[in-house]
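Structure at a glance
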Amino acid sequence: TRSTFAIILAGGRGSRLRQLTDFRTKPAVPFAGKFRILDFTLSNCVNSGIRKIGVATQYKAHSLIRHIQRGWSFLDGRFDEFIQLLPAQQQIDETQWYQGTADAVFQNMHFLRRSNPEHVLIVAGDHIYKMDYGRMLAFHAKQHADMTVACIDVPLDEAREFGVLGVDEHDRVVELVENPEHPPRIPGQPDRALVSMGVYIFNAKFLFEQLERDALTKGSSRDFGKDIIPHIVPRYRVFAHRFADSCVGSDEHKPYWRDVGTLDAYWEANMEMTKVTPELNLYDKDWPIWTYQEQLPPAKFVFDDKDRCGTAIDSLISGGCIISGATVKRSLLFSSVGVHSWARVEDSVVLPGAIIGRHAVIKRCIIDKYCRIPEGMVIGVNPEEDRKRFHVSPKGIT
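Described below are features of the structure shown in this document. (Residues numbered from 1 in each chain as written. Predicted model: local features only at pLDDT ≥ 70, side-chain atom pairs only at ≥ 80, totals over all residues. Heavy atoms only, no water.)

1. Thoughts on the environment of A61
- Assignment of secondary structure puts A61 in the loop between strand 4 (52-57) and helix 2 (62-71).
- In this structure the C-alpha to C-alpha distance between A61 and V248, which are 187 residues apart in sequence, comes to 29 Å. (Helix = DSSP H or I, 4+ residues; strand = E, 2+ residues; numbered from the N terminus.)

2. A closer look at the packing of aromatic side chains
- What the rule picks out here adds up to 15 aromatic pairs.
- Seen from their ring centres, F74 and W290 are 6.0 Å apart, and the 45° between their planes marks the pair as tilted. With F74 in the loop between helix 2 and strand 5 (82-87) and W290 in the loop between helix 8 (263-272) and strand 14 (300-302), this pair connects stretches of sequence that are 216 residues apart.
- Residue class for F74 comes out partly exposed when judged on its relative accessible area of 45%. (Phe/Tyr/Trp six-rings, centres within 6.5 Å; stacked < 30°, edge-to-face > 60°. Buried < 20%, exposed > 50% of the residue type's maximum accessible area, 1.4 Å probe, protein only.)

3. Overview of the sheet that holds strand 14
- As summarised here, the arrangement of the five strands in space is 14-19-22-25-28, forming an open sheet in which the pairing is parallel. Among the strands making up the open sheet, the edge pair consists of strand 14 and strand 28 (372-373).
- Where strand 22 (residues 338-339) and strand 25 (residues 355-356) come together, two bridges link them in parallel fashion. The residue of strand 25 that forms the bridge with G338 is I355. (Pairing = 2+ DSSP bridges.)

4. With respect to the sheet that holds strand 23 (residues 344-346)
- Across the sheet, five strands lie side by side as 17-20-23-26-29; this open sheet has parallel pairing. Each of the sheet's edge strands pairs with one partner strand only, and the pair in question is strand 17 (311-313) and strand 29 (378-379).
- By the bridge criterion, two bridges tie strand 26 (residues 361-363) to strand 29 in an arrangement that is parallel. Paired with I362 across the strands is I379, a residue of strand 29.

5. Re the state of the cysteines
- Per the counting criterion, the structure on display carries zero disulfides.
- Here C247 stays free of any disulfide, with the sulfur of C151 as its closest cysteine sulfur at 12 Å.
- On the basis of relative accessible area, C247 is assigned to the buried category, the value being 7%.
- Left unpaired, C371 is separated from the closest cysteine sulfur, that of C365, by 11 Å.
- By relative accessible area, which is 30% here, C371 ends up partly exposed. (Disulfide = S-S within 2.5 Å.)

6. Points about helix 5 (residues 133-142)
- By the burial criterion, the buried members of helix 5 are Y133, G134, M136, L137, F139 and H140.
- With a side-chain oxygen positioned 2.8 Å from the backbone nitrogen of G134, the residue opening helix 5 is D132.
- Looking one or two residues beyond helix 5, the residue adopting positive phi is H144, at roughly 50°. (Polar contact = N/O pair within 3.5 Å; in protein donor to acceptor, adjacent residues only side chain to side chain.)

7. A closer look at empty space enclosed by the protein
- On inspection of all chains with the given rule, the structure shows two cavities of 30 Å³ or more.
- Considering only enclosed or pocket space, the largest cavity measures out at about 60 Å³ in volume.
- Lining the largest cavity are T1, R2, T4, G49, I50, R51, K52, F79, D80 and E81.
- Of the residues contributing to the lining of the largest cavity, the split by class is two nonpolar, three polar and five charged.
- Approximately 30 Å³ is the volume attributed to the second largest cavity.
- What lines the second largest cavity is A102, D103, F106, L211, D214, A215 and R222. (1 Å grid on protein atoms, 1.4 Å probe; cavity = no way out; pocket = protein on both sides within 12 Å on 5 of 7 lines; lining within 4 Å. Points joined across faces, edges and corners; volume = space filled by probe spheres on them. Nonpolar A, V, L, I, M, F, W, Y, C, P; charged D, E, K, R; others polar.)

8. Examining unusual backbone geometry
- Of note in this structure, N116 is not a glycine but carries a positive phi near 50°.
- Relative to the helices and strands, N116 resides in the loop between helix 4 (109-115) and strand 6 (119-124).
- Judged by relative accessible area, N116 falls into the exposed class, the value being 66%.
- Unusually for a residue other than glycine, H144 sits at a positive phi of about 50°.
- One can find H144 in the loop between helix 5 and strand 8 (147-155).

Quick look at the structure:
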């Protein structure tokens, strides 16, 4: 791990998250009460012992950059440990930003070469999971692979939305197909398929050769999934690494990995955290999720009158919140949320700094940062009325 350089691709907008990414890139979207989505990938790197990290940014990266500067400045450059921001700077062509995932790495090759790594880990910064990349590196070395792709096995009918790996009985990759109508099956498991997690390990020299070749290829979209991997699979040693062999902090028979790329998926993943025993363990001291910690007072619950009682049931309530004579059920409140008297919040995700006015009713909602919900407003009860003012997801999340 000490001879591995990690590049986290954190430049995507995530347009399916709609208003949540109007002002921020997808990896900067808040998650699970106090974190950002990117914190999970960064924590995996640091906890795995990979301490040379570049974060490639592009779309509306201000809040992400500020978060990294505030919360991730603890690595020590004296030990050659760092997190380096790699914004799109038109370094190769002054008329072009990053053209694709492979181009984001290609444009920063000079920076990579300066660190002289043995391996390069390339990972998407917009998924929620815990993974020991060191175990994947050991698998990569054992197989004498040129490239290794992390994958998770899913039911066949769910695989059509992803890049699917076709493998032989030794898990050597024989094909990669994006969004296939008929996904390749796992040998011996005809009802399952292997889906790429967007986590790649390359031998550094091999990666540089492939990026330079692709940059000279006319018509390439400069993307790992569409161009680089399909080219190298029939020509070089590419292996699939099963996520179950390197996941941490969850049941190894049911590894936890979530793509929170839609409002419904984002809401469901946050709601999972309010369960008695969530599939993702945030209380795991062996594999902590690091983040920027604001200095805030404890959450406060006030009033105990008959019709005006400050309570929260089956919920996560972050620091700085005040539940003032209101009721919160099965919800997740981020930092510094205020819920005023006689208000009801149920099955909702409320991002930092939002204020819920008196007598307001909020059900199955996502409330963005600093929103002010006026006194008496009702959201999430009448979908037709909600659609006139807000966005309502296919599963009815407002």
